[in-house]
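Notes for the structure review
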Amino acid sequence: NFKFFDNAVLEQTLQKARDNVVERPLKIMGFDIDQNAISLSMRHAKRAGVQEHIHFQRQDFKDFSSKSKYGVIVSNPPYGERLMTEKEVRFLYKDLRTKFDSLDSWSMGVLTSYYNFEKSFGKKADKNRKFFNSNLECHYYQYLGAKPPKQNKEENKQ
């Protein structure tokens, strides 16, 4: 509702985006070893009206597996600020890399403030975005996997 903003342009842009939507099955799963984190996530998903689209489960990421050839993992692991020591965080990031390597065509995004993430993870990110979480400098490291083959509109309707 900005006075300087042209709502007609916004509506045209939104309609163009709606016209280009390609429906695909989407499976979203949320995992954490802390049941309180799962409960909080479920509450936020319900508040956002998306709870029926997300499967939440208490599980260690080391136990995650998937039969899907393609996927994306987004992780916000401990930074070593409050929950773990720096040594524990380095081992955690090595374990994260092992899991990522087992999902060879998947992509991964990792949000952390840990200054030495790429070294501990053992791989330079394809993309790296810096931002601040309050006064804490964070980075979002992106590791890009293979892209799934394009489907035509008829295949997407099935």
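1. Quick look at the packing of aromatic side chains
Across all of its chains, the model carries ten aromatic pairs by this definition. Among the aromatic side chains, those forming a connected cluster through ring pairs are Tyr 93, Phe 100, Tyr 114, Tyr 115, Phe 117, Phe 121, Tyr 141 and Tyr 143. Directly above the aromatic system of Phe 121 lies the positively charged group of Arg 97, at a separation of 5.8 Å from the ring centroid.

2. Comments concerning the pattern of salt bridges
Pairing is possible between side chains of opposite charge, provided their charged atoms come close. Scanning all chains against the criterion turns up three salt bridges. With a closest N to O distance of 3.5 Å, Lys 62 and Asp 95 form a salt bridge. On the criterion of sequence distance, the pair formed by Lys 62 in the loop between strand E2 (54-58) and strand E3 (72-75) and Asp 95 in helix H3 (residues 86-102) is long-range, its members being 33 residues apart.

3. Some points on a nonpolar patch on the surface
Taken together, Phe 2, Phe 4, Phe 5, Leu 10 and Leu 14 make up a surface patch of nonpolar side chains, about 540 Å² in accessible area. Tracing the backbone through its elements, the reader meets Phe 4 in the segment before helix H1 (7-19).

4. Notes on H1
Helix length check: H1, at 13 residues, gives a terminal C-alpha distance of 18 Å against a target of 18 Å (1.5 Å per residue), a fit within 8%. Two or three places before Ala 8, at the opening of H1, Asp 6 has a side-chain oxygen 3.0 Å from that residue's backbone nitrogen.

5. Considerations on the nonpolar core
Judged by nonpolar contacts, the single largest core of 17 residues is most densely connected at Ile 73, Tyr 93, Met 108, Phe 117, Phe 121 and Tyr 143. Put simply, the parts of the chain that give this core at least two residues each are H3, strand E4 (107-112), helix H4 (117-121) and strand E6 (136-143). Among the elements that take part in this core, H3 stands out by supplying five residues, more than any other. Among all residues touching Phe 117, those that are not within four sequence positions of it are Tyr 93, Val 110, Thr 112, Tyr 141 and Tyr 143.

Criteria and thresholds
Residues numbered from 1 in each chain as written. Predicted model: local features only at pLDDT ≥ 70, side-chain atom pairs only at ≥ 80, totals over all residues. Heavy atoms only, no water. Phe/Tyr/Trp six-rings, centres within 6.5 Å; stacked < 30°, edge-to-face > 60°. Lys NZ or Arg CZ within 6 Å of the ring centre and 35° of its normal. Salt bridge = Lys/Arg side-chain N within 4 Å of Asp/Glu carboxyl O. Helix = DSSP H or I, 4+ residues; strand = E, 2+ residues; numbered from the N terminus. Patch = residues over 30% accessible without salt bridge, like charges linked within 9 Å, V, L, I, M, F, W, Y side chains within 5 Å. Areas by Shrake-Rupley, 256 points an atom, 1.4 Å probe, with all protein chains shown as cover. Expected span 1.5 Å × (residues − 1). Polar contact = N/O pair within 3.5 Å; in protein donor to acceptor, adjacent residues only side chain to side chain. Core = buried A, V, L, I, M, F, W, Y, C linked by side-chain atoms within 4.5 Å. Buried < 20%, exposed > 50% of the residue type's maximum accessible area, 1.4 Å probe, protein only. Contact = heavy atoms within 4.5 Å.

Read these as spatial facts, not as claims about activity.
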